[in-house]
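Fold and geometry: a report
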There are 4 protein chains.
Amino acid sequence: MKLSEIKLQKKKQEIILSAVKLVNKKGSHGATMEEIAAELLMTKGSLYYYFKNKEDLLFQCHEMVLGQAISELQHYVNEVISNEQKLRKMIANHIRYMIEEKETFNMIIKPDQTFSKDYLQPILRKRNEYAAWFDKVIKKGVEEGEFTIKEPKIARMILLGSMNWIQQWYKLNGDKTIEDLQAIYADYLLKVVK
Amino acid sequence: MKLSEIKLQKKKQEIILSAVKLVNKKGSHGATMEEIAAELLMTKGSLYYYFKNKEDLLFQCHEMVLGQAISELQHYVNEVISNEQKLRKMIANHIRYMIEEKETFNMIIKPDQTFSKDYLQPILRKRNEYAAWFDKVIKKGVEEGEFTIKEPKIARMILLGSMNWIQQWYKLNGDKTIEDLQAIYADYLLKVVK
Amino acid sequence: MKLSEIKLQKKKQEIILSAVKLVNKKGSHGATMEEIAAELLMTKGSLYYYFKNKEDLLFQCHEMVLGQAISELQHYVNEVISNEQKLRKMIANHIRYMIEEKETFNMIIKPDQTFSKDYLQPILRKRNEYAAWFDKVIKKGVEEGEFTIKEPKIARMILLGSMNWIQQWYKLNGDKTIEDLQAIYADYLLKVVK
Amino acid sequence: MKLSEIKLQKKKQEIILSAVKLVNKKGSHGATMEEIAAELLMTKGSLYYYFKNKEDLLFQCHEMVLGQAISELQHYVNEVISNEQKLRKMIANHIRYMIEEKETFNMIIKPDQTFSKDYLQPILRKRNEYAAWFDKVIKKGVEEGEFTIKEPKIARMILLGSMNWIQQWYKLNGDKTIEDLQAIYADYLLKVVK
DNA sequence: GATGAATGAGGCTTCATTCAT
DNA sequence: TATGAATGAAGCCTCATTCAT
């Protein structure tokens, strides 16, 4: 019983990972069930054993990816370092996601064009959860005198927004490495909150 | 002769405006030619009198909107004010677009999922043209000692990226007016370049 | 009254000539009313002043072309020369049509895929009229001892069929001139009837 | 594994056969995917499981039909009989195709109005392959003194052209049987090459 | 669990035709 | 006469979804 359950979940994960990649290369509309299946050497029909429909698959992609990102944020917040240090790490982490796993975060950008009403609520909730960790650190930083910002939420929007934009223009093998980018963004964005 | 040409262009504009609205509510995929036509009380087929195909229509939407925005930027840059003043105005303008005509800028975000190769070139060119006006002011500001930024292009990316994100969350009738937002963003983003 | 009538007919001729060219380059389906009109620097709509609909235009193309060809055949038959001489001239003429005005005869090949029932009758009648001139000469030739053929109709089918096929493969600027072809075909095809 | 592959091919054959019939009754334009499907009690969409698009289906129709005809020619050529005998059999065979499976050869007539560039090459190649078997026998006949013709290729064009024309006029249940026709054509056409 | 096959709704596009001006 | 504009039917094609085996 347990074993088969575990196997099922494992397979699901596998599908989700593969789907995420494809979805973000081609967009949620451009990626067809056929292609997603093909990448896994399955056939279209089989996907429906694991997921109710395409939207369900996309939804679970979203949940998985963002869930993981959240747990990473959580980790940084719990470290015993200054809020600035935390924020720097969180920024670096977000940028890494944006570039190395650019595929993943993409789907967050315009969920309302991808998901129907039923799915939209939990999606937005997860998104807020993610943002909340940034808010927490920024607020703490203000309280503890590290930051001076009066509108912490808007500051957070600026941080996330500017970073989400990176994938629009960044190309690996350009003149900047990821580390360069992480450093520059951290510096510039901290100027916003300080 | 001239008259009919003018009429034609006018109708095209009308269609473009309507299409822009729909495309940005539903995405370029979600908006069908049928719906775009219906909104104008036309039939599908009539659209093809004015535009070669859907991609052509979308392309012209893009050109029109961004072209107009560029001409506004140009205006600010030519005023006789400090670079900071210019940048503030450009930021305010971009934010206004992002909110009041949110529909328009939306289509800029992921052109490569909307457009085929032939159209991508001119689209990216226009986008760069728009960005170049920001670069110009930032660079000038650095030269004249108003700004201190070492990576002006990345700074510009941060500005635009953060502002483009606004439409993801901003709702009219919330607790912030557009003017509030313009002021806050200008203040925070200028901290980046200063 | 007369004058306007003449003008009308002239214009019709003009349209037919142009249509014939296009139809045979692109096929009766491939040639659109738009293109036919464009070639004449007209607009689609105007064509409907002169012709009831596309089929009507195509029909009149057919009538014109075949009518002209028939009158030429008639001319040869009335000359005072041997039946073999007549047949040679008729063959040469048909080949010239097939190549130089290949466009024209094309439409004869599969009329039932182009025309609806109403038009089919007169079309086939005209076709038979054309063929009848060949039959006449062949029969006369048999009567007068020039030819020996027992199945004059089938012989005629062979003649016309083989010549109609020319357009499938003949290319101007190849190694054979039209005159070469006319000579060779005349020689070979006369072997059939002799 | 093998079995499903075989089944697939079988179904493809079935579709091709049905398509050939329809295409030649209505022309490649007149025959719609919908009708082709309906004839097989399928739906439009299903056809696309077997064929990439309409052109692909038409192409495979062409390949199948001509391929079969070629293999038959090949058979006659390899028999140990005089070249005249061979040619007679090949003529009879072609005529049989032209009448009994008139549907099949029809599509060969104007491939350039049916197929786009990519498909045209292999189509013409196949056509030439078919013709080459006629050329071979005719040339051999000339070498061995059976035929006297100086332009064997043009002779072949005359043979094929005249036979392809048969379908334009021949009606079963007329006063000539197929066997009549085969005999008459063989006699008359051999006069050409002799 | 998996798959091959089928389906059908829906989208894009073409084009003959119409008609007011 | 001519045209600009609109229409709508019809065709091609895609793809999420279903289901018997």
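Right above here is the structure, for reference.
In short, a report on the structure. Quantities reported herein were computed from a predicted structural model and do not represent experimental measurements.

Before going further, it helps to examine the protein's contact with DNA strand E. Close to DNA strand E lie 31 residues, the nearest being S46(A), Y50(A), K54(B), K54(C) and Y50(D). In the interface set of DNA strand E, defined as its atoms within 4 Å of the protein, sugar plus phosphate atoms amount to 75%. Take Y48(C): an N or O atom from its side chain is 3.0 Å from a phosphate oxygen of DNA strand E. K54(C) places a main-chain nitrogen or oxygen 2.8 Å from a phosphate oxygen of DNA strand E. Put simply, the parts of the chain that give the surface near DNA strand E at least two residues each are α3 (44-50) of chain A, α3 (44-50) of chain B, α3 (44-50) of chain C together with α1 (2-30) and α3 (44-50) of chain D.

Y50(B), S46(C), Y50(C), Y48(D) and K54(D) are the nearest of the 30 residues found near DNA strand F. When the atoms of DNA strand F within 4 Å of the protein are grouped by moiety, sugar and phosphate amount to 74% of the total. A distance of 3.3 Å is found between a base oxygen of DNA strand F and a side-chain nitrogen or oxygen belonging to K44(A).

On to the relation of the copies chain D and chain C, then. For the pair chain D and chain C, the superposition axis carries a translation of 0.1 Å, the fit reaches an RMSD of 0.3 Å, and the rotation angle comes to 179°. Taken together, the rotation and translation relating the two chain copies correspond to the operation of a two-fold axis. Among all residues of chain D, the minimum C-alpha distance to the rotation axis is found for S162(D), at 2.1 Å. Here 95% of the interface residues in chain D have copies in chain C that are interface residues too; the copies meet face to matching face.

For the rest of this paragraph, the subject is the relation of the copies chain A and chain B. Mapping chain A onto chain B calls for a screw motion: a turn of 179° about the axis and a shift of 0.1 Å along it, with 0.3 Å RMSD after fitting. Taken as a fraction of all interface residues of chain A, those also at the interface in chain B reach 100%, which identifies the copy contact as same-surface.

Our focus in this paragraph is the arrangement of the chains. At the C-alpha level, the nearest point of chain B lies 12 Å from chain C, with no contact between them. Separating chain A from chain D is a minimum C-alpha gap of 12 Å, and the two share no contact.

One pass over the structure, following the stated rule, counts 48 salt bridges over all chains. A salt bridge links R88(B) to D187(B); its shortest N-O distance comes to 3.0 Å. Remark: D187(B) occurs in helix α10 (residues 178-193) and R88(B) occurs in helix α5 (residues 83-100); sequence separation between them is 99 residues. The class for D187(B) is partly exposed, based on a relative accessible area of 40%. Bridged by salt links that share partners, the residues E84(A), R88(A), D187(A) and K194(A) form one connected network.

Of the residues lining the interface, 38 residues belong to chain D; the matching set on chain C comes to 36 residues. Together, the buried faces of chain D and chain C total about 3,000 Å²; carbon and sulfur atoms form 64% of this surface. On the chain D side of the interface with chain C, the three residues burying the most area are W165(D), Y188(D) and K191(D), jointly 23% of the side's total. Summed over the shared surface of chain D and chain C, the result is two salt bridges.

Okay, the side chain of N164(D) next. Mapping N164(D) onto the fold places it in helix α8 (residues 152-164). Classification of N164(D) as buried rests on a relative accessible area of 7%. Leaving out residues up to four positions away in the same chain, N164(D) has contacts with W165(C), H94(D) and M98(D).

All names here are of chain A. Contact geometry for helix α7 (residues 117-143) and helix α8 (residues 152-164): axes closest at 9 Å, N-to-C directions at 125°. Relative to α8, the element α7 is oriented oblique. Note that α7 runs across α8; the crossing there is right-handed. Between α7 and α8, the residues in contact are Y130, A131, F134, D135 and I138 and P152, K153, R156, L159, L160 and M163, respectively.

A separate point is the packing of aromatic side chains. Taken as a whole, this structure holds 21 aromatic pairs over all chains when the rule is applied. Where W169(A) meets Y170(A), the ring centres are 6.0 Å apart and the plane angle is 80°; that geometry is what we call edge-to-face. Between F115(B) and Y119(B) the ring centres are 6.3 Å apart and the planes differ by 45°, which places this aromatic pair in the tilted class. When sorted by exposure, F115(B) lands in the same class as Y119(B), which is buried. Seen from the ring of Y97(A), R96(A) lies directly overhead, with NZ or CZ sitting 5.2 Å from the centre.

About the criteria used
Residues numbered from 1 in each chain as written. Chains lettered and ligands numbered in written order. Predicted model: local features only at pLDDT ≥ 70, side-chain atom pairs only at ≥ 80, totals over all residues. Heavy atoms only, no water. Near = heavy atom within 4 Å. Polar contact = N/O pair within 3.5 Å; in protein donor to acceptor, adjacent residues only side chain to side chain. Helix = DSSP H or I, 4+ residues; strand = E, 2+ residues; numbered from the N terminus. Least-squares fit on C-alpha atoms with pLDDT ≥ 70 in both. Contact = heavy atoms within 4.5 Å. Salt bridge = Lys/Arg side-chain N within 4 Å of Asp/Glu carboxyl O. Buried < 20%, exposed > 50% of the residue type's maximum accessible area, 1.4 Å probe, protein only. Buried area = accessible area lost by both parts, 1.4 Å probe. Axes fitted to C-alpha atoms, helices over the stretch in contact; angles between N-to-C directions. Parallel < 35°, antiparallel > 145°, perpendicular 65-115°, else oblique. Left-handed = near helix turned anticlockwise from the far one by under 90°. Phe/Tyr/Trp six-rings, centres within 6.5 Å; stacked < 30°, edge-to-face > 60°. Lys NZ or Arg CZ within 6 Å of the ring centre and 35° of its normal.

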